[in-house]
Structure formats: C-alpha cells, structure tokens
Amino acid sequence: MPFSSLSEIQNRLSSGETTAVEVARLYLDRIASFNDELNAFVHIDPAHVLAQAQASDKYRSEHDARPLEGLPIAVKDIFCTQDGPTQCCSNILKDFHAPYDAEVITKLKEAGAVLVGKTNMDEFAMGSSTETSAFGVCRNPWDTERIPGGSSGGSAAAVAAALTPAALGTDTGGSIRQPAAVTGITGLKPTYGRVSRRGIIAFASSLDQAGPMTRTVKDCAMITGAIVGHDPRDATSVADAPAIDWLAACESRDMKGLKIGKPKEYFVDGMDAEVRASVEAALKKCEELGAEIIDISLPNTEHAVAAYYVIAPSEASANLSRYDGVRFGHRCDNPEDLLDMYTRSRDEGFGSEVKRRILTGAFALSSGYYDAYYLKAQQVRTLVQQDFTAAFEQVDVIATPTSPITAFKLGEKTDDPLTMYLSDIFTIAVNLAGLPGLSQPCGFANNLPVGLQWIGPAWREDSVLSAAAAYEAATEWTTRSPAAFGGES
Ligand code: GLN
C-alpha cells in the first residue's frame, strides 16, 4: 500500500477494505521512520492527522464520500493553514500562525482530504534544490546525497518515498515540475489563473500557481479538479475559465492523430546526454502510440531565464517588503529606532538567496533602470508568449525534457547562483506564458529519474493530461520507487 496511487487508495476506502484512520496511521508511521533521513516534512501533528481521518470515516459512514474522502495530502509550507505554523521555511516567519486557510486548503478540506503536514521548501520558494530552506536541506530518496529539486522539494521527496501518496506544491518558474522530474513523480502546474492564489505566500504574483505532486497522472487530475475554480478574493483568478472533465481527460489510452511539437531549443548540446536519450526514447514511444512528432521552434526560449530573473525578483522585492518586523514575523531585539528595527529584522530574518532576489528586484525597479530592465523583460515575456501561440497553431501539445540534468549532489551548486538558475531553463518559459505544464517520469539517466514535460495551450490541461495518461499507460515508469525506502526500483 504505501506506494499505491491516490486512486488505488480511494478504491480500497470505498470498498471498505481499509479506513481513513488505517491509511493515516500507515503514512504517519512511515514519516516517523524516514523523515529524519529526508527532512521532507517540517511540521507534522499526528494527533491532528488522526482526528481528521476519524472525522472522514464518520462522514463516510453517514454520507456519500466526497471526491478526496480520507485521502492523505501533504502541503508545502507556503500554504497558509489555520492549523499549525506557516513559515515558508524562512526564519522571518518562524512560528508564524496564519489567521486563515488558503483557498486551496479550504477546497481540499471540503473535498474530504486529510491534511498530513507541511513540507520543506526553498525559503520563499526561491531555489531549485531545497537547500535554501531555513529548516535544513531536504534529500532525494533515490540518493540521499542528492537534492530533491526545488522549490517544492519536500513535497516531491515525501511523495517519492511514500511518506504521503500526494502533496501540493507551487510553481513560479518550475518548482512543481523540476522536483517532480528529479524524484521520479508526476506534477502539474495548471494554467495561471486556474487555481486561487489567496493564502499562498506570494513570491512573484504574476507567475505563482499551485498544483498537485503525485504518483500518477490520474491522481494529479483528481486533486486539480478539487482545487480549481474562480475565487473573487484573488483578482487574478479567472472567472470564466473553460471547465474540464478532469478524470475523463485521463482516460485516453492511445495518441492517434495527436500532434506533438518537439522544440529544437529544448534538445541542445550541453544537456545531459542520457537525459536527452530518455526523452527522445519517450517521443519514439509516443510515435508508436500513434502520435505525429513535429519539429518546431520556440526561438525566444533562450531569453526566458534572463527575463524571469528580472520579473520574478522585481515582484518578490515588492511582495517581501511586508516582512518589516512590524505586523508579522521576526522582530530584532532592542532596536535603536524604527529604521534599525526594519533593517535588522530583515537582515536577521532573510537568508542570503532571498536577500539576493530582493536586491536584484529593487535595483531592476529603481528609477533610471526600470525601462532598461523591468520593461524590457516584460517585452521579452510577450515574445515568449507569442512563440507558444504560434506553435499551438501547428501542434496540440509540446513535449520537452523537464530538466536538462538529473538530481545533482547537495552543495554542488550552492556557491554558483547562475548555474543553479539554469536548472529551470526548460520550465521557466511556461510560467512566463502562463501555460499548463506537467512533468512525468520517463526513464532513468545515471540511475536517477528523468522527467518528460508536456506543455499545453492555455486552459487545455485536458490535452496535457490525456497525452501524459496515454504515455503512462504504455510504460511502467510510475511503478518504480526507491528501494531504500521499501519501493521497487
Ligand atoms: N528555481 C526558480 C527560482 O528559484 C523557480 C522557483 C519556483 O518555481 N518557485 O526562482
């Protein structure tokens, strides 16, 4: 059972073969056994988890089960929850308790899910390795000397090692898809505006989007279906987003007639040759399943990382100005005056990567530089969007590697922010364009998992899910799990 998918657990719960309390106990036991090794969870309250599971069993005995009845789901420490602390893995929010639940947390509760705890992440979601967490690094269950990706690395490691069957992450530049790829699980970033951002601690508001991290494509669809919907309290949540039958989208078993775009800019020298070979093999498999592979070009991809590292830090510098020692979070001891209180509180509370982003963003937005940097980056963003619009006139979906490399060693890139930033070279353009993107396992390179990324037109998560479900059904990568944690590799 621990490595079962969410939908398999759902079947066992509805047949009466098991109960939500038994399921919760199983995962709580695994967290107790393995979390010290992985540091995937930064907060867990077993009594509260069991109480939710008991309430779910009671609900099931009296009513029809809700869509996620009794299913354990962990959430990244970026989601505000009334229960337990919400710290965004930053010292500036140490012991912060949110006054309300994020909209997606409310929706998970309404769907009957059992919230398991808070998962580790890069501080304020800034990073690709979960090494900037104020609560210690998180480790990859496939090789604990390596990173689990980031920034949703705790969610990824927890699912990969079956400390929970599913988790929520957020993705600003790749933080769901890249950790999913390097830990061998499936993760979906929905279209920007599909899922409410209310109560999700803001990093870069025009890019941030929440989504599921699971073992299978169908599990992603189950969770996404429960968390989407217009939220009048998030101004960027879209009111008339086209509805999708999330589960039906996963029923496709072949790819007959599907036009898959293969962008030449995502298969380049310099990427890991074994990663490239795995993804090329995956595309061959899609061809066997009836798809047509069409060579395309997304020429502005090469500018996406540079544009992102102006836009995301600019928005972050504005969003993080609220941590000033006054209203919430850390306040320094014995300030001399107000300015000393602001500067020392922020200096003590933020880690160095967060400071680097705030400084870069404040610089890019400052008078005299705004046009040269921020405005220019926004223009590049439009070009990136136009590339995708043109491509989707020719193809239904686009397939690429999720990451150019497999999980790297802990500490390998911490002294070199630029090479760290390049980890997201294949995921960032999708955020700039606001499109849906999914990563699923497609093989191994250097004995480590490789991710295949599917990108769809805006609001067409169904296209992405269908393609991924057909590929998943024809391969056996999702059945692999790390042997050191009791799985089958
Ligand atoms: N790694 C990217 C960054 O550091 C993306 C992070 C994210 O998606 N939250 O900004």
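My aim in this report is to walk through the structure given alongside it, one point at a time. (Residues numbered from 1 in each chain as written. Predicted model: local features only at pLDDT ≥ 70, side-chain atom pairs only at ≥ 80, totals over all residues. Heavy atoms only, no water.)

What to know about the nonpolar core
Part 1 of the reasoning: Residues F79, L108, F124, M255, I260, F388 and W454 are the most contacted members of the largest nonpolar core, which totals 118 residues.
Part 2 of the reasoning: Grouped together as the second largest cluster of nonpolar side chains are 21 residues, A40, A156, A161 and M213 included. (Core = buried A, V, L, I, M, F, W, Y, C linked by side-chain atoms within 4.5 Å. Buried < 20%, exposed > 50% of the residue type's maximum accessible area, 1.4 Å probe, protein only.)

What about the packing of aromatic side chains?
Each pair of aromatic rings is reported with the distance of its centres and the angle of its planes.
Part 1 of the reasoning: Counted under the stated rule, the structure contains 15 aromatic pairs.
Part 2 of the reasoning: Measuring from centroid to centroid gives 4.8 Å for Y308 and Y309, while their planes differ by 80 degrees, and the two rings are edge-to-face.
Part 3 of the reasoning: Judged by its relative accessible area of 4%, Y308 falls in the buried class.
Part 4 of the reasoning: What links up through ring pairs into an aromatic cluster is the set F96, F124, Y323, F328 and F350.
Part 5 of the reasoning: The ring of F267 has K262 lying over it, and the distance from NZ or CZ to the ring centre is 4.8 Å.
Part 6 of the reasoning: Here the guanidinium or amino end of R327 rests over the ring plane of F328, the centre of that ring lying 5.8 Å away. (Phe/Tyr/Trp six-rings, centres within 6.5 Å; stacked < 30°, edge-to-face > 60°. Lys NZ or Arg CZ within 6 Å of the ring centre and 35° of its normal.)

Considerations on empty space enclosed by the protein
Part 1 of the reasoning: Inspection of every chain in the model, using the stated rule, returns two cavities of 30 Å³ or more.
Part 2 of the reasoning: For the largest cavity, the calculated volume is near 70 Å³.
Part 3 of the reasoning: Along its surface, the largest cavity is lined by 13 residues, and A125, G127, S175, Y308 and D424 are the ones closest to its centre.
Part 4 of the reasoning: Partitioning the lining of the largest cavity into residue classes produces five nonpolar, six polar and two charged.
Part 5 of the reasoning: Roughly 30 Å³ of internal volume is contained in the second largest cavity.
Part 6 of the reasoning: Surrounding the second largest cavity, A181, V182, V275, T402, S403, I405, P449, V450 and G451 form its lining.
Part 7 of the reasoning: When residues of the lining of the second largest cavity are traced back to their parent elements, those giving at least two are α6 (177-183) and β11 (448-455).
Part 8 of the reasoning: Element by element, the count of residues in the lining of the second largest cavity is highest for β11, at three residues.
Part 9 of the reasoning: Classifying every residue of the lining of the second largest cavity by side-chain character gives six nonpolar, three polar and no charged. (1 Å grid on protein atoms, 1.4 Å probe; cavity = no way out; pocket = protein on both sides within 12 Å on 5 of 7 lines; lining within 4 Å. Points joined across faces, edges and corners; volume = space filled by probe spheres on them. Nonpolar A, V, L, I, M, F, W, Y, C, P; charged D, E, K, R; others polar. Helix = DSSP H or I, 4+ residues; strand = E, 2+ residues; numbered from the N terminus.)

Re the sheet that holds strand β5 (residues 186-189)
Part 1 of the reasoning: Here eleven strands make up an open sheet; going across it, the order is β1-β3-β2-β4-β6-β5-β10-β11-β9-β7-β8 and the pairing mixed. Of all the strands in the sheet, just β1 (41-43) and β8 (292-296) have a single pairing partner and so form its edges. The mean inter-strand angle of the sheet, taken between neighbouring strand axes irrespective of direction, is 35 degrees.
Part 2 of the reasoning: Contacting β5, β9 (397-401), β10 (437-445) and β11, helix α15 (residues 461-474) runs over the sheet at an angle of about 25 degrees to β10. (Pairing = 2+ DSSP bridges. Axes fitted to C-alpha atoms, helices over the stretch in contact; angles between N-to-C directions. Contact = heavy atoms within 4.5 Å.)

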